[in-house]
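Tertiary structure, described
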Amino acid sequence: MRRFFWKEEYSLYFVCKFLYWLFMAAAAAGDIREYRISNRYLGFALIAGISGALTWGEGSMAERSLFAVGFMIRLITVVILGFPIYRRGMIGAGDVKMAALFTAWLGVRDGLKALTIGFMLGAVLALLKMLRQGSMVKRFLYLSAYIRRMVQTRKAEKYYCPDRDGYGCVIPFGACLYAGTLFAVLWRG
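Residues numbered from 1 in each chain as written. Predicted model: local features only at pLDDT ≥ 70, side-chain atom pairs only at ≥ 80, totals over all residues. Heavy atoms only, no water.

Looking now at the overall build of the protein. From N to C terminus, the protein includes eight helices and zero strands. Helices (α) and strands (β) of the protein occur, in sequence order from the N terminus, as α-α-α-α-α-α-α-α. Summarising its shape, the C-alpha atoms of the protein cover approximately 65 × 35 × 30 Å along the three principal directions. Contacts in the protein between residues at least 24 apart in sequence constitute 67% of all its contacts with a sequence separation of at least 6. Summed over all atoms, the accessible surface of the protein reaches about 11800 Å², with 68% contributed by carbon and sulfur. Computed over 25 positive and 11 negative side-chain charges, the inter-centroid distance for the protein is 8 Å. (Helix = DSSP H or I, 4+ residues; strand = E, 2+ residues; numbered from the N terminus. Contact = heavy atoms within 4.5 Å. Areas by Shrake-Rupley, 256 points an atom, 1.4 Å probe, with all protein chains shown as cover. Lys, Arg positive; Asp, Glu negative; His and termini not counted. Charge placed at Lys NZ, Arg CZ, Asp CG, Glu CD.)

The next subject is helix α5 (residues 108–133). If you check α5, its first and last C-alpha atoms are 37 Å apart, about what 26 residues at 1.5 Å a residue would give, namely 38 Å. Looking at α5, one finds that the buried residues are Asp 110, Gly 111, Ala 114, Leu 115, Ile 117, Gly 118, Gly 122, Lys 129 and Met 130. Residues of α5 that are buried in the fold lie against α4 (93–106), α6 (136–153) and α8 (173–188). Count one or two residues on from α5 and you reach Gly 134, which has phi positive near 70 degrees. (Expected span 1.5 Å × (residues − 1). Buried < 20%, exposed > 50% of the residue type's maximum accessible area, 1.4 Å probe, protein only.)

As a further point, take unusual backbone geometry. A positive phi angle, near 55 degrees, is found at Tyr 35, a position not held by glycine. When you line up the elements, Tyr 35 lands in the loop between α1 (8–34) and α2 (39–55). Accessibility expressed as a relative area gives 34% for Tyr 35, which makes it partly exposed. The phi dihedral of Arg 154 falls on the positive side, at around 55 degrees, and the residue is not glycine. By secondary structure assignment, the location of Arg 154 is in the loop between α6 and α7 (162–165). Judged by its relative accessible area of 75%, Arg 154 falls in the exposed class.

Here we take up the confidence of the model for the protein. For the protein, the average pLDDT comes to 89, and 94% of its residues sit at 70 or higher. In the model of the protein, α7 stands out as the element of lowest mean pLDDT, 79, in contrast to α4, which has the highest, 97. Within the model, the stretch residues 1–7 combines pLDDT values under 50 with six contacts to residues more than four positions away or in other chains. (pLDDT = per-residue confidence, 0-100.)

This part covers α6. With 18 residues, α6 should cover 26 Å at 1.5 Å per step; its first-to-last C-alpha distance of 26 Å lies within 8% of that length. Every buried residue of α6 is accounted for by Arg 139, Tyr 142, Ala 145 and Tyr 146. Here the buried residues of α6 occupy an arc of 125 degrees about the axis, which is enough to place them on one side. Those residues of α6 that are exposed and aimed more than 90 degrees away from the buried face are Val 137, Leu 141, Val 151 and Gln 152. Packed against the buried residues of α6 are α5 and α7. (Arc of directions from axis to C-beta.)

By the definition in use, this model includes two salt bridges. Across the pair Glu 157 and Arg 149 runs a salt bridge, and its minimum N-O distance is 2.9 Å. Residue classification places Glu 157 among the partly exposed residues on the basis of a relative accessible area of 29%. (Salt bridge = Lys/Arg side-chain N within 4 Å of Asp/Glu carboxyl O.)

Take the packing of aromatic side chains next. With the rule as written, the count across this model stands at 13 aromatic pairs. Taken together, a centroid distance of 5.0 Å and an interplanar angle of 80 degrees make the contact between Tyr 146 and Tyr 159 edge-to-face. Of the two residues, Tyr 146 is situated in helix α6 and Tyr 159 in the loop between α6 and α7; the sequence distance between them amounts to 13 residues. Assigned by exposure class, Tyr 146 and Tyr 159 land together as buried. In this structure, Lys 113 packs its charged tip against the face of Trp 187, placed 5.1 Å from the ring centre. Over the aromatic face of Tyr 86 sits the side chain of Lys 158, whose NZ or CZ is 5.8 Å from the ring centroid. (Phe/Tyr/Trp six-rings, centres within 6.5 Å; stacked < 30°, edge-to-face > 60°. Lys NZ or Arg CZ within 6 Å of the ring centre and 35° of its normal.)

Right, dumping it as structure tokens:
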């Protein structure tokens, strides 16, 4: 008796699923090494994600297409919601795209859970980095000055600028999102 994952309609989905997670892991690893998330890896993960949506389940091609449309709607929604945060310099563009891909793959409920865990891991990592560098007071003074400037001038300016601030305060947030997503997926069962 053949196992279900050897059936033709499931094997392509599992290949897509494997490739999706592989490319997302490569993007997270690049973020750890270079503090930059490769658009190439995210693009390959996008292709694997859409392909996985088109091959999931046993329904007709029209039903599978609805999964792909839902995938794209979730992806675009998160990019739109994350764009203002990126424009203020509080998160990188690759981080927004990575969060969008995770939410598109997992769905809204599980995606929000994964992103919440990823944000908490990012906060812990940032706190540990500030403690290790002895820069916690300096960073919180910078944050309070930033908020004060925003309130007084009523102008939105970038919080982080690499030319001005350097990379000493940067964390690999994409890797935190990846770890948070893995935790959420394993937690879900």
